[in-house]
Amino acid sequence: MRVGFFVTCLVDLMRPSIGFAAIKLLESGGADVFVPASQTCCGQPAYNSGDRADTITLARKVVEEFERCDYVVAPSGSCSGMIKTHYAELFADDPAWSSRVTALAAKTYELTDFLVSVLKVERVPGTFAGTITYHDSCAGLREMGVKSQPRALLGRMEGVRLSEMAECETCCGFGGTFAIKFGEISSRLADNKCQHIVTNGAETVVLGDLGCMLNIEGRLRRRGDATRVMHVAEVLAGDLPPGA
Amino acid sequence: MQVASMYFKERAHVKLHDTQLQLNLTKIKYKFVEKRRSAMTELDDFEGTREAARGIRQRALDDLDVWLTIFEENARARGATVLYAQTPADVNALVLEIAQRHDVRKIIKSKSMVSEESGLDHAIEGAGLTVVETDLGEYILQINNYEPPSHIIGPALHKSRDEVADLFHKRHGKPRKEGIDELCLEARAELRTHYLTADMGISGGNFFIAETGSVAIVTNEGNATLTTTLPKVHVAISGIEKIVPTLEDLATLMRLLPRSATGQSISNYVDVLTGTKGPGEFNGAEHMYFILVDSGRSNVLASDVREALRCIRCGACMNHCPVYQNVGGHSYGWVYPGPIGSILTPMYVGLEQALDLPQASTMCNQCGVVCPVKIPLPDLQRKLREKEFERRLRPWYERAALRAWAFVAARPALYGVATRVGIRALRMLADRNGMIRKLPLVGGWTDERDMPAPAGRTFRELYAARAQARPVAREAAGASR
C-alpha cells in the first residue's frame, strides 16, 4: 500500500517533528510511505482569499504529485479537507482535470482517520502519561468527519486520561488569513478557547491542525499559561530523535 | 436603514470592549444554541427533513416567476391586492399611498425585517403619520430612538433586562419594574390602546403560499394576530423569495423554523392569512395588500450566491457563529447580521459598502451545518471574496502577499530556498521560550498573541538529509520529480 504523505506547508515550515511523527505512525501501521519532494502548499490561503487562478495552479501541482499513490494522507484536517472537499469545485468546467481531482479526493484522508479507518491500527508506538483535552479543528470535524478517531487512538494509550473541555467543537479563531486581517476578533476567539482549556485543567491540549496549534499556543503563552500544546501525531508517535 | 457595514472592524473593536454587551451576548448560548440542540432531537430524521426543506425552497426559487404569478392570481381571487416594490424607496411609497387611500392616521406594525431595509418607520413618521411597533423587541428599539436591531429573531437581544427596565421607566413614566413578567405587562398595556385605535396594520411575512395566495406569519407574542386582524387595512410586506408552492410545503418548513430559531417545537402563534374578511366572517381586515419586495433579490437570483435566497430567517447561523457571538449584531452595520448578513448585505447594498463582511469569517462552517435549508454559507462568502479579489477591492499589500506566496509555492526549488531563509529569519525573532512577541508587518497576529517560532529547519531539509542516509527513501523522493 503506497501512501503519499502530504506534509502541508505549515508542518514543513513550523514543526517538522510532526511530519516525522506522522510518517512513523503510518509506517508502523504497515504503510509504504512516499513523500514527494516537490510538494509545497495545497493552495488554501489563495482559495479562501478569492484567488482562484493561483489556487488552480497549486491544486494541479498537488494532483500531479500524488495521483499515482493509493492514498494521500495529511497531518491536517484543513489541508486534507481542501483536497477532498474543495478541489472538485475548482475544476467543475474542466472534465479532464475534474475526473483526476475527483479520483484524488476519494483517496485523501486526514491522518487519524486513515490510521483508524484504513490501516485499522490497534497499537500506537508512543507512550504518554497525563491528562489530555482534545480540540476539534473545524475542517477536520466538519469537512473530514474527524471526531472519534483521534480519541479512539489516544484512548488506546496507557497513561492517557482524556478530559473533554467545554465547547471543544467551537472554532479557535484561526481561520487562516482571518487571524491577521481580524487579529482582534481572532484573538478573542482564541482566548475563549484558552479559557475552556484552562478551566478543564488538562496538562496537555492535543489537536490535529497546525493553524489551531499556533493560534492556541500563541494565546496561551501570551496569557502566561504553560499548558502544553501538542499535535496528535506527536503524542501517538511518542519520542522522536532530537532535531527532528 | 443607513449602511454602516464599512465600519465593521471599528464597530467590532468597540463591541469587544463593551463589558455589558459581552455579558448580554452570553445568553445566546443557552437561549438559542442549547434549546435548538435539544429541539432537534425531537425529529426522527433531521437530515431528511432538512433535505426536504432545502428542496422546497430551491424549487420555489428555480421557478420563482411562475410561483409568483400563481400566488398573485390566488391572492387576487380572495380579494387581496398584490403590489411589487422594486426598490426600498418603492416600499415606502406604496405604503404611504395605501395609507392615503384609506385615510390612515395611525399604523401598527408587527415584526418585519424587510421594512427595516427601507427605513419604513421613518418614512411613515416623515409623512406625518403615527407608527407603533408591537413586537416587544422592536417596541423596545423604537422607544429607544429607533436603535437598530441586532438580531433578526430577537432584535433587542443585545439589551439586558435591567437596561430595558431603565428604558421603560424613562419612557413610560411609571415606577421602575424589575421582573420580566411585569415589564411585559407594562408593554402590553401600552400597546393595547394602539391596537384598538390603529387604522392600518403592517406585518412581515415568513412565507407566501402560492396555491392559496396566503401569507404565513410566525410569532410568539400574538401581536401579529392583532396587528393583521383588528385594523381595517392589512399590509403584508416581504421579499419575493419568500414564496413556497403549497401548504404542505409550509408544514415541512414549520418543522424546522421554530426549532432552528428558538428551539421551540412550534411557535406560540402561526397565522395563515388568506384574503379579506368575507361576508359573515368575524375576523380579518377589510382591505388586504401584499407588497412583494425585490430590492436586490433578483440580482442575487442571477448571481452565483443565489442559494442565499433559500434563507427562512431562523437566525441559527448567527446564533452559532463564533464571530457573531463575540461582536454582536450591530458590528455588521445593516439589517441582517452574522453569516447570512455577510452575504445579503454586500449583495443588497453593494460590495464596496461591505468589503469586510465576507472576510469576517473563520470559515468554520458551524453556520452551514445548522442551516435548516442547507445554505453553504462559507462557500458563498468565498464567492464574494473572489469578486473582491477579481475587482481589486482588497488592499494592494494583501494581494501582493498572496500572489507572492502562490508564486513561490508553485516553484519547488524557489520554495525550498525561500522557506529556508524565511524560517531562519523568523527563528531569530524568538525569545528564549521559542515565542515571537512581535511580528513585523502582521501585527494583527501578535497584538494579543505570541507566534510560536518555527523549529529552525524545514521538514523538506530534514527529510532530504535523512533520505541520503536511507536509500529506500531517497528512491521514493526521487521518483516524484
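Not measured: the values here are computed from a predicted model.

Here we take up the overall build of chain B. Scanning chain B for helices and strands turns up 24 helices and 12 strands. Within chain B, counting contacts between residues at least 6 apart in sequence, those at least 24 apart form 74% of the total.

Regarding its fold elements, chain A presents 13 helices and 8 strands. For chain A, the C-alpha radius of gyration of 17 Å lies close to 18 Å, the compact-globule estimate for 244 residues. By its C-alpha atoms, chain A is 50 × 45 × 30 Å across when sized along the principal axes. Considering chain A as a whole, with its 244 residues, one finds that 63% of them fall into the buried category. Put simply, 78% of the contacts in chain A that link residues at least 6 apart link residues at least 24 apart.

Further remarks concern the domain arrangement of chain A. Residues and elements named next belong to chain A. If you check the domain split of chain A, you get domain 1 (2–118) and domain 2 (130–237). One C-alpha centre belongs to domain 1, the other to domain 2, and the line joining them spans 22 Å. Every contact between the two is made by 29 residues of domain 1 and, on the other side, 23 residues of domain 2. Broken down by secondary-structure element, the contributors of at least two residues to the side of domain 1 that touches domain 2 are helix H1 (9–14), helix H2 (16–28), helix H3 (44–48), helix H5 (77–90) and helix H7 (111–118).

With that settled, consider unusual backbone geometry. All names here are of chain B. If you check the backbone angles, Ser-295 has positive phi at about 45 degrees while not being a glycine. Its identity as a non-glycine residue notwithstanding, Asn-365 has a phi of 65 degrees, on the positive side. With respect to the helices, strands and loops of the structure, Asn-365 is situated in the loop between helix H17 (338–349) and helix H18 (366–370). For Asn-365, a count of 23 C-beta atoms within 10 Å translates into the label buried.

A separate point is the sheet that holds strand S6 (residues 160–162) of chain A. All names here are of chain A. Spatial strand order, S6-S5-S7-S8: 4 strands in an open sheet with parallel pairing. With one partner strand each, in any of the chains shown, S6 and strand S8 (228–231) form the two edges of the open sheet. Strand-to-strand twist across the sheet, computed as the mean angle between neighbouring axes with direction ignored, equals 35 degrees. Taken together, the 3 bridges between strand S5 (residues 130–135) and S6 define a ladder with parallel strand orientation. Across the sheet, residue Ile-132 finds its bridge partner in S6, namely Leu-162. Here helix H12 (residues 210–222) sits on the sheet and contacts S5, strand S7 (204–207) and S8; the angle it forms with S8, its principal contact strand, is near 175 degrees.

So, about the interface of chain A and chain B. In this complex, chain A contributes 54 residues to the contact, which on the side of chain B involves 55 residues. Among the secondary structure elements, those contributing two or more residues to the side of chain A that touches chain B are H1, H2, H3, helix H4 (52–66), helix H8 (138–142), helix H10 (178–181), helix H11 (183–200) and H12 of chain A. The element best represented in the side of chain A that touches chain B is H11(A), accounting for 7 residues. Class assignment for the residues of the side of chain A that touches chain B results in 25 nonpolar, 14 polar and 15 charged.

Before going further, it helps to examine the environment of Leu162(A). Topologically, Leu162(A) is positioned in strand S6. Once residues within four sequence positions are removed from consideration, Leu162(A) is found in contact with Ile132(A), Tyr134(A), Arg151(A), Leu154(A) and Gly155(A).

Turning our eyes to something else, we now look at the environment of Arg2(A). Residues and elements named next belong to chain A. Among the secondary structure elements, Arg-2 is positioned in strand S1 (residues 2–5). Spatially, the C-alpha atom of Arg-2 lies 8.8 Å from that of Arg-68, the residues being 66 residues apart in sequence. Residues contacting Arg-2, with those up to four places away along its chain left out, are Asp-32, Phe-34, Cys-69 and Asp-70.

Formed by 192 residues in total, the largest nonpolar core has its most connected members in Phe5(A), Val73(A), Val235(B), Leu253(B) and Ala308(B). With 7 residues, H2(A) is the single largest residue contributor to this core. Residue contacts for Val73(A): discarding those within four places in its chain leaves Val3(A), Phe5(A), Phe6(A), Leu26(A), Tyr109(A), Leu111(A) and Phe114(A).

All names here are of chain B. Here chain B shows a mean pLDDT of 95. Residues at 70 or above account for 98%. Note on residues 473–481: pLDDT is under 50 here. Beyond four places in sequence and across chains, it has 15 contacts. Two summary scores accompany this predicted model of the complex, namely pTM at 0.96 and ipTM at 0.96.

On to helix H23 (residues 459–469) of chain B, then. Of all the residues in H23(B), the buried ones are Phe459(B), Arg460(B) and Tyr463(B). Viewed end-on, H23(B) has its buried residues packed into an arc of 90 degrees, placing them on one side of the element. The outward face of H23(B), more than 90 degrees from its buried face, is lined by the exposed residues Ala465(B), Gln468(B) and Ala469(B). Lining the buried residues of H23(B) we find H1 and H2 of chain A together with helix H21 (412–427) of chain B.

This next bit is on the pairing of S5(A). Across 4 bridges, the pairing between S5(A) and S7(A) is parallel. Bridge pairing in S7(A) places Tyr134(A) opposite Val206(A).

So, on to the packing of helix H3 (residues 27–40) of chain B against helix H13 (residues 247–262) of chain B. All names here are of chain B. Orientation of H3 relative to H13, taken along the N-to-C sense of each, is 145 degrees, at an axis distance of 6 Å. Contacts from Phe-32, Lys-35, Arg-36, Ala-39 and Met-40 of H3 reach H13 at Arg-259, Ser-260 and Thr-262. Classifying every residue of the contact of H3 with H13 gives 3 nonpolar, 2 polar and 3 charged.

To continue, consider the sheet that holds strand S4 (residues 108–110) of chain A. Paired through their backbone hydrogen bonds, the strands of a sheet run either parallel or antiparallel. Residue and element names in this part refer to chain A. Spatial ordering of the open sheet is given by S2-S1-S3-S4, a layout of 4 strands whose pairing is parallel. Lying at the two open borders of the sheet, with one neighbouring strand each, are strand S2 (32–34) and S4. Adjacent strand axes in the sheet meet at a mean angle of 35 degrees, parallel and antiparallel pairs treated alike. Where strand S3 (residues 71–74) lies against S4, 3 bridges are found, and the strand directions are parallel. Looking across to S4, one finds that Val-72 is bridged to Thr-108. Taken strand by strand, H5 contacts S3 and S4, and its axis lies near 160 degrees from that of S4.

Here we take up the packing of H4(A) against H5(A). Residues and elements named next belong to chain A. Axis separation between H4 and H5 bottoms out at 10 Å; the angle between their running directions is 120 degrees. One way to sum up the angle between H4 and H5 is to call them oblique. Relative to H5, the crossing made by H4 is left-handed. Packed against H4, whose contacting residues are Arg-52, Thr-55, Ile-56, Ala-59 and Val-62, the element H5 presents Ile-83, Tyr-87 and Leu-90 at the interface.

Analysis parameters
- Residues numbered from 1 in each chain as written.
- Chains lettered and ligands numbered in written order.
- Predicted model: local features only at pLDDT ≥ 70, side-chain atom pairs only at ≥ 80, totals over all residues.
- Helix = DSSP H or I, 4+ residues; strand = E, 2+ residues; numbered from the N terminus.
- Contact = placed C-beta atoms within 7 Å.
- Rg over C-alpha atoms; globule rule 2.2 N^0.38 Å.
- Buried ≥ 20, exposed ≤ 12 C-beta atoms within 10 Å, placed from the backbone.
- Domains from an automatic or database assignment.
- Pairing = 2+ DSSP bridges.
- Axes fitted to C-alpha atoms, helices over the stretch in contact; angles between N-to-C directions.
- Nonpolar A, V, L, I, M, F, W, Y, C, P; charged D, E, K, R; others polar.
- Core = buried A, V, L, I, M, F, W, Y, C linked by C-beta atoms within 7 Å.
- pLDDT = per-residue confidence, 0-100.
- Arc of directions from axis to C-beta.
- Parallel < 35°, antiparallel > 145°, perpendicular 65-115°, else oblique.
- Left-handed = near helix turned anticlockwise from the far one by under 90°.

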